[in-house]
Structure formats: structure tokens, C-alpha cells
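# Notes for the structure review
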Amino acid sequence: MTAQILDGKALSQRLRREMADTVTQLSATYGRAPGLAVILVGEDPASQIYVNNKKSACAQVGIASFSHTLPSDTSQEHVLGLIGEMNHDPRIDGILVQLPVPQQINPERIIEAITPSKDVDGFHPYNLGCLTARKPALRSCTPYGCMRLLEETGIDLHGKEAVVVGASNIVGRPMAMELLLAGSTVTVCHRFTEDLAAHVARADIVIAAAGKQDLVRGEWIKPGAIVIDVGIHRLEDGSLTGDVDFAIASQRAAWITPVPGGVGPMTICMLLANTVQSYQTAHLAHNTEL
Ligand code: NAD
């Protein structure tokens, strides 16, 4: 069997075109564009690329971006102060602090300082809790993007065996909650899991998010499975690869995401979707008050 490709690049382009139309209509109705504030602390080259990609994605769909690039020795108090101002700024619907942050800054303090209704990354414990309690509000972008890719297969996820490899707060855990909400039977594997191969081998859906290049061997994949590869690794020649051994896995899976061009573009797309959602929620709340 040769897998069909779950093309995140093409899907995200389609969704962004649709979102641009929505944003045009909303901006005309409410007299302002949705706004996303992006804070970057330090000069990490990868972070600079991610931030620039997010800003150009905003421009493409008509979202206003407010960018703050701060020196690497910026204090935590300064960043918290900036977030406090943004929490009350009516032009800003979403606040994003690019991670990782320099060591003098505690990322948890930063995430928790963002008001949950503007937490468009979906990292705040309130938003993670909402998803866990089956009332998703702003959903973590990468798992949300993975769910959108799964939807493209047209396969009903109820009762499917789903195995999530990785248990971080930003990918693995919310991913497990998304799949549970969709009715799958979910197993979460992590660094202490014994016999990862056996778990992956019985999975109808594999989400690989361990950040370990080629951790998921192609021959572990159950024939006909859906494989979503979240991992991103840059090789010496500059090319990108994931957590899954794509060459063999794609001979066994029914559907598979490539790296690059799978989950990555969907993550940015869901960030935009969350910003538009936050904007709409803010305006609906305002109209109700009137
Ligand atoms: P993380 O380091 O915070 O978490 C990794 C998780 O994998 C941990 O729960 C750990 O227990 C688990 N793990 C490590 N080794 C394992 C093993 N041998 N077997 C099973 N589990 C193991 O990483 P993260 O932030 O969740 O990111 C994971 C990967 O996803 C990274 O490659 C990252 O670059 C990538 N990522 C991609 C996107 C995207 O948009 N495509 C977004 C976020 C993260």
C-alpha cells in the first residue's frame, strides 16, 4: 500500500483564502481588523523565522500584527508589563510570546499572564482545562491543526485506536484530549513508555510528537493507519525531516503527513483561525452588553 499524502500546505492555503474573505467581511462590519500581538525576546534565528512567518501569514489574511522585538536581557517584569497592557488593548485579539524565552524568564508565568480570551496559542491552563472538560475554547494550534488534517481523510474517528507519542503541554497532552473528544480510544506514550513499538503497531492513528528524529520506525505502522508527523528536525544539508521514518511508513499507512508541508503550515493557520475566533467572541460579548 502506498499512502495518500495529507497535504497541510495545500489545506492551509485553502483555509487562509477562506479566512481572508471572512476577515474582509468582519472588518467592514466592525470597523477594524482582528489584531495579533507577537512578542519575541532575544535573537534566536529559528524564532525570528517563525515570527516572520506568522507576521506574513497575518498580512495575507488581513489580520493586523503588532510586533515587539525585545533584547535577550529583557526582564520577566518588563514582558509581564507589556502583556498586561495588551490584555486591555481593544485593538489586540490575540497575544503570542514566541517560545523558547531566555532563561531569566519563566515561560509558565508568561503563558499564565495572557488573558485566556487572547491566548491564541491555546497554551493557558484555562484553555487546556476547557478542552479537557469537553468545552474547547481557544485550542492549542498544533493539535487543532492535526485534527483538521484528520478531518480531511473523511474517516470517522469514533472507536479508533489512537496513539500519541509525546506528552508535552503544547502538543502531546492537548492532542490526546482532542482525540478523546473525537471519540477515539487514546494511548499517550512518553519517554518512560515501555515497548513503544507495540503501542504504535496497534494504532489506527499515530501522532508522532516526541522531537526525536526517525523514532517511529516505518515497519511498526499498522497497514492502513493514519500517520501524522509533528516532529521537525533540520538536517545538515538544511532539509527538514520528522519523527517518523517516512520512506517505509508511507508504504504501509493509508494516509501520512510529509515533513515539511504537513503539520507545520496547519499550526500557523490555526493561530490565525484562533485570532479570528477571539475577535468574533469579543464583538459578540460587546453586542450582548449593548
Ligand atoms: P517536548 O520536548 O516538550 O516533548 C517531547 C515529548 O516526547 C515528551 O513528553 C517526552 O516524554 C516524549 N518522548 C521523548 N522521547 C521519547 C521516546 N523515546 N519515546 C516516547 N516518547 C518520547 O517537545 P514538543 O514541544 O512537544 O515538540 C515535539 C516535536 O514537535 C519537536 O520536534 C518540535 O519541534 C515539534 N513541533 C512541531 C510543531 C509544528 O507546528 N509542526 C509545533 C510544535 C512542536
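What comes next concerns the included structure. (Residues numbered from 1 in each chain as written. Predicted model: local features only at pLDDT ≥ 70, side-chain atom pairs only at ≥ 80, totals over all residues. Heavy atoms only, no water.)

Our focus in this paragraph is helix α2 (residues 45–61). With 17 residues, α2 ought to run about 24 Å at 1.5 Å a step, and its terminal C-alpha atoms sit 25 Å apart, in line with that. Of all the residues in α2, the buried ones are Ser 47, Val 51, Lys 54, Ala 57, Cys 58 and Val 61. All buried residues of α2 fall inside an arc of 125° around its axis, so they share one side. Exposed and facing more than 90 degrees away from the buried side of α2 are Pro 45, Ala 59 and Gln 60. After α2 finishes, the residue Gly 62 shows a positive phi value of roughly 90°. (Helix = DSSP H or I, 4+ residues; strand = E, 2+ residues; numbered from the N terminus. Expected span 1.5 Å × (residues − 1). Buried < 20%, exposed > 50% of the residue type's maximum accessible area, 1.4 Å probe, protein only. Arc of directions from axis to C-beta.)

The next point concerns the nonpolar core. Counting 49 residues, the largest nonpolar core has Leu 36, Ile 63, Leu 150, Leu 179, Ile 207 and Ile 228 as its most contacted members. With ten residues, the top contributor of residues to this core is helix α10 (residues 263–289). In this structure Leu 150 touches Leu 157, Leu 179, Ile 205, Ile 226 and Ile 228, once residues within four positions along its chain are discounted. (Core = buried A, V, L, I, M, F, W, Y, C linked by side-chain atoms within 4.5 Å. Contact = heavy atoms within 4.5 Å.)

Of all residues adjacent to the ligand, which total 21 residues, the nearest are Ala 167, Ser 168, Arg 191, Val 230 and Thr 267. At a separation of 3.4 Å, a nitrogen atom of the ligand approaches a polar backbone atom of Val 230. Here Thr 267 contributes a side-chain N or O atom positioned 2.7 Å from an oxygen atom of the ligand. Here the ligand has 860 Å² of accessible area as a free molecule, and 74% of this is covered by the chains. The leading source of residues in the shell around the ligand is α10, at three residues. Here the residues of the shell around the ligand sort into eleven nonpolar, eight polar and two charged. (Near = heavy atom within 4 Å. Polar contact = N/O pair within 3.5 Å; in protein donor to acceptor, adjacent residues only side chain to side chain. Areas by Shrake-Rupley, 256 points an atom, 1.4 Å probe, with all protein chains shown as cover. Nonpolar A, V, L, I, M, F, W, Y, C, P; charged D, E, K, R; others polar.)

A few words on the sheet that holds strand β7 (residues 205–208). Spatially, the six strands line up as an open sheet ordered β1-β11-β8-β7-β5-β6, and their pairing is parallel. The open sheet is flanked by β1 (4–5) and β6 (185–189), the only strands paired with a single partner. Pairing between strand β5 (residues 161–165) and β6: five bridges, direction parallel. Of the residues in β6, the one forming a bridge with Val 163 is Thr 187. Each of β7, β8 (226–229) and β11 (255–256) is contacted by helix α6 (residues 141–152), which is oriented at about 150° to β8, the strand it contacts most. (Pairing = 2+ DSSP bridges. Axes fitted to C-alpha atoms, helices over the stretch in contact; angles between N-to-C directions.)

All right, on to the sheet that holds strand β2 (residues 35–41) then. An order of β3-β2-β4 is seen for the three strands of this open sheet, with the pairing classed as parallel. Every other strand in the sheet has two partners, leaving β3 (64–70) and β4 (94–97) as the edge strands with one partner each. Across this sheet, the average inter-strand angle for adjacent strands is 15°, counted without regard to direction. Bridge count between β2 and β3: seven bridges; the pairing is parallel. In the sheet register, Leu 36 faces β3, and the bridge partner there is Ser 65. Strand contacts of α2: β2, β3 and β4, with the helix running at about 170° to β2, the strand carrying the most contacts.

Geometry only, nothing functional implied.
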